[in-house]
Amino acid sequence: MNSFVRLLAVLGGSVLLTLVVGRLADLLLRRADARHPETPLWNMLRRCGPSVRVLLFTAVLRGAYRQIEWQPLRDHEAAVGRTLTLVLIGAGAWCVVGVASAVVESSYARYALGTRDPSRVRRVRTQVTLIRRIVTAVVAVVAAAAMLLTFPAFRAVGTSVLASAGIIGIVAGVAAQSTLGNVFAGFQIAFGDMVRIGDTVVVDGEWGVVEEVTLTLIAVRTWDERRITMPVSYFTSRPFENWSRGGIQMTGTVFLHCDHTAPVALLREKLKEILDGCEAWDGRAWDLSVTDTTPTTIVVRAIVTAKDPDRLWTARCEVREQLVAWLAEKHPYALPRVATSTAVPSPRTEVRTEVRPPAG
């Protein structure tokens, strides 16, 4: 009975201490967040509460479980100790990843609030995302190695593994050449400012927005909500269009095929009237001119500008739709047509017949 009471005392004390310390830490973070609302770090650190509680509870229990005079626990003391150690390492890694993510995200949030340039914000966002993934991967590898080293069998083979590390590294490097190439390409994209999350790009003939950037892959969301996943090395080894680089404002064109009798001056006035009522047009520039002719039509090019690719697409569609509707209603003769009437013969090809009097 005494051993059972001691077991309950150790477990209850560990739980009570964990709850008290966790509650106190949460109150301190809330007070710090109220005093410094301009810094989101304190509020983000509160999300690490579960990992901190698990870490604290495991640490207290790991240090006090030997005080329990319970025979089943004594019989499996080594296994219980190793299990608590593994949980402690896992909880510590979870806590480190949470704190690092909170620090990185708070730094990005403060930078985004103080910067008006959206291109710089997207660049920092891409770098922050990759840094968080790298930290998570490194912590996970270190935690897994620490867990393995708790087993005596892995300690025994540690010397031989280290002795053959050079050969293994060479073999692994050759086998994972493409994977390592993508990883280094991910670093190049993150810190070389080649492509960022939120950029509008054209890759492999597809137009879309960069939605996610990892160490090995980049996900592009197309206009019809499809996701194209491409290796990072594609963006470092092949040319691609980045419509967001150097500013997101763009200039677009609308081509119309009209009859040679089309009223170009009236078309130009109608274009200006359409753009004045178009919310997608940014007012920077516009133009309309005849750029080419064919035996049956003329090619009319309208130029419009917009703040970003999405608005430019909307403006081009609206201009094309309204110009065609206006021509069909007001000037139907200006639309392309196929001539089916008989051609007028040339005067030089006409056959002239002479009337001669009959022979007497």
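Predicted model, so just to flag it, every value in this text is computed and none were measured. (Residues numbered from 1 in each chain as written. Predicted model: local features only at pLDDT ≥ 70, side-chain atom pairs only at ≥ 80, totals over all residues. Heavy atoms only, no water.)

*Asks:* Tell me about the overall build of the protein, and please be specific about residues and values.
*Replies:* Looking only at helices and strands, the protein has 13 helices and eight strands in total. Split into buried and exposed, the 360 residues of the protein put 32% on the buried side. Once local pairs closer than 6 in sequence are excluded, the contacts in the protein between residues at least 24 apart make up 64%. (Helix = DSSP H or I, 4+ residues; strand = E, 2+ residues; numbered from the N terminus. Buried < 20%, exposed > 50% of the residue type's maximum accessible area, 1.4 Å probe, protein only. Contact = heavy atoms within 4.5 Å.)

*Asks:* Report on helix α12 (residues 264-276), specifying residues and quantitative values.
*Replies:* Here α12 is 13 residues long and its end C-alpha atoms lie 19 Å apart, about the 18 Å a rise of 1.5 Å per residue gives. What α12 keeps buried is the set Leu267, Lys270, Leu271, Ile274 and Leu275. Burial along α12 is one-sided: seen end-on, the buried residues are contained in an arc of 135°. Of the exposed residues in α12, the ones pointing more than 90 degrees away from its buried face are Glu269, Glu273 and Asp276. (Expected span 1.5 Å × (residues − 1). Arc of directions from axis to C-beta.)

*Asks:* Please set out the UniProt feature "transmembrane region" (unreviewed entry) in the protein residue by residue, giving values where relevant.
*Replies:* As annotated by UniProt and renumbered to match this structure, "transmembrane region" (unreviewed entry) occupies residues 6-29, 88-113, 134-154 and 160-187. Secondary structure within residues 88-113 divides into 100% helix and 0% strand; the distance between the first and last C-alpha atoms comes to 37 Å. (UniProt positions renumbered as here; feature names shortened; annotations may be inferred.)

*Asks:* Run through the sheet that holds strand β4 (residues 227-231), naming residues and quoting values.
*Replies:* Read from one edge of the open sheet, five strands run β4-β3-β2-β1-β5, paired in antiparallel fashion. Looking at the sheet topology across the chains shown, the edges are occupied by β4 and β5 (241-242). Strand direction decides the pairing type here: strand β1 (residues 200-203) and β5, joined by two bridges, are antiparallel. In the strand pairing of β5, Val202 is matched with Glu241. (Pairing = 2+ DSSP bridges.)

*Asks:* Describe in detail the pairing of strand β7 (residues 286-293), supporting the description with residues and values.
*Replies:* Looking at chain direction, β7 and strand β8 (residues 298-306) are connected through seven bridges and run antiparallel. Each bridged residue has a counterpart across the sheet, and for Leu288 the counterpart in β8 is Ala302. Linking β7 back to β8 in an antiparallel pair, the connection comprises four residues.

*Asks:* Describe the pattern of salt bridges, naming the residues involved and giving the relevant values.
*Replies:* Taken as a whole, this structure holds eleven salt bridges when the rule is applied. Between Arg226 and Glu206 there is a salt bridge; the shortest N-O distance is 3.0 Å. Taken together, the residues span a long stretch of sequence, with Arg226 in the loop between β3 (217-222) and β4 and Glu206 in strand β2 (residues 206-213) at a distance of 20 residues. Taking the relative accessible area as the measure of exposure, Glu206 reaches 26% and is therefore partly exposed. In this structure, Asp276 engages Lys272 in a salt bridge whose closest nitrogen and oxygen atoms are separated by 2.7 Å. (Salt bridge = Lys/Arg side-chain N within 4 Å of Asp/Glu carboxyl O.)

*Asks:* Just give me the short version of unusual backbone geometry, but keep the residues and values in it.
*Replies:* Located in the positive-phi region is Asp204, a residue other than glycine, with phi close to 55°. Position of Asp204 relative to the elements: it lies in the loop between β1 and β2. You can call Asp204 exposed: its relative accessible area is 62%. The backbone of Glu225 sits at a positive phi, close to 70°, despite the residue not being glycine. Summarising the element assignment, Glu225 is placed in the loop between β3 and β4.

*Asks:* A description of the side chain of Asp259 should follow, citing residues and the corresponding values.
*Replies:* Inspection of the secondary structure assignment puts Asp259 in the loop between β6 (250-258) and α12. According to the relative accessible area criterion, Asp259 is buried, its value standing at 8%. With sequence-adjacent residues up to four places away left out, Asp259 is seen in contact with Thr296, Ile298, Tyr333, Ala334, Leu335, Pro336 and Arg337.

*Asks:* Explain the packing of α12 against helix α13 (residues 309-330) to me, and be specific about the residues and the numbers.
*Replies:* At a minimum axis separation of 10 Å, α12 and α13 run at an interaxial angle of 135°. By the angle class used here, α12 and α13 are oblique. The element α12 and its partner α13 pack so that their crossing is right-handed. Residues Leu266, Leu267, Lys270, Leu271, Ile274 and Leu275 of α12 lie in contact with α13, whose contacting residues are Val319, Gln322, Leu323, Trp326 and Leu327. (Axes fitted to C-alpha atoms, helices over the stretch in contact; angles between N-to-C directions. Parallel < 35°, antiparallel > 145°, perpendicular 65-115°, else oblique. Left-handed = near helix turned anticlockwise from the far one by under 90°.)

*Asks:* Pulling in residues and values, what's your account of the sheet that holds β6?
*Replies:* Strands sit in the order β6-β8-β7 across an open sheet of three strands; the sheet is antiparallel. Looking at the sheet topology across the chains shown, the edges are occupied by β6 and β7. Strand-to-strand twist of the sheet, defined as the mean angle between neighbouring strand axes without regard to direction, takes the value 25°. With nine bridges connecting them, β6 and β8 associate as antiparallel partners. Residue pairing in the sheet places His257 in a bridge with Val299 of β8. α12 contacts β6, β7 and β8 of the sheet and is inclined by roughly 145° relative to β7. Lying over the sheet, α13 contacts β6 and β8, oriented at roughly 20° with respect to β6.

*Asks:* So what about the environment of Leu148? Which residues, and what values?
*Replies:* Here Leu148 shows up in helix α6 (residues 118-149). Judged by relative accessible area, Leu148 falls into the partly exposed class, the value being 40%. As for Leu148 and Leu86, which are separated by 62 residues in sequence, their C-alpha atoms are 9.0 Å apart.

*Asks:* Explain the nonpolar core to me, using residue names and the numbers behind them.
*Replies:* One finds Cys258, Leu267, Val300 and Val319 to be the most contacted residues of the largest nonpolar core, which totals 25 residues. Taken together, the elements giving at least two residues each to this core come down to β6, α12, β8 and α13. The element contributing the most residues to this core is α13, with six residues. Residues contacting Cys258, with those up to four places away along its chain left out, are Leu267, Thr296, Thr297, Ile298, Val300, Leu327, Ala334 and Pro336. Of all hydrophobic cores here, the second largest spans 15 residues; its members include Val210, Ile228, Tyr234 and Phe235. (Core = buried A, V, L, I, M, F, W, Y, C linked by side-chain atoms within 4.5 Å.)

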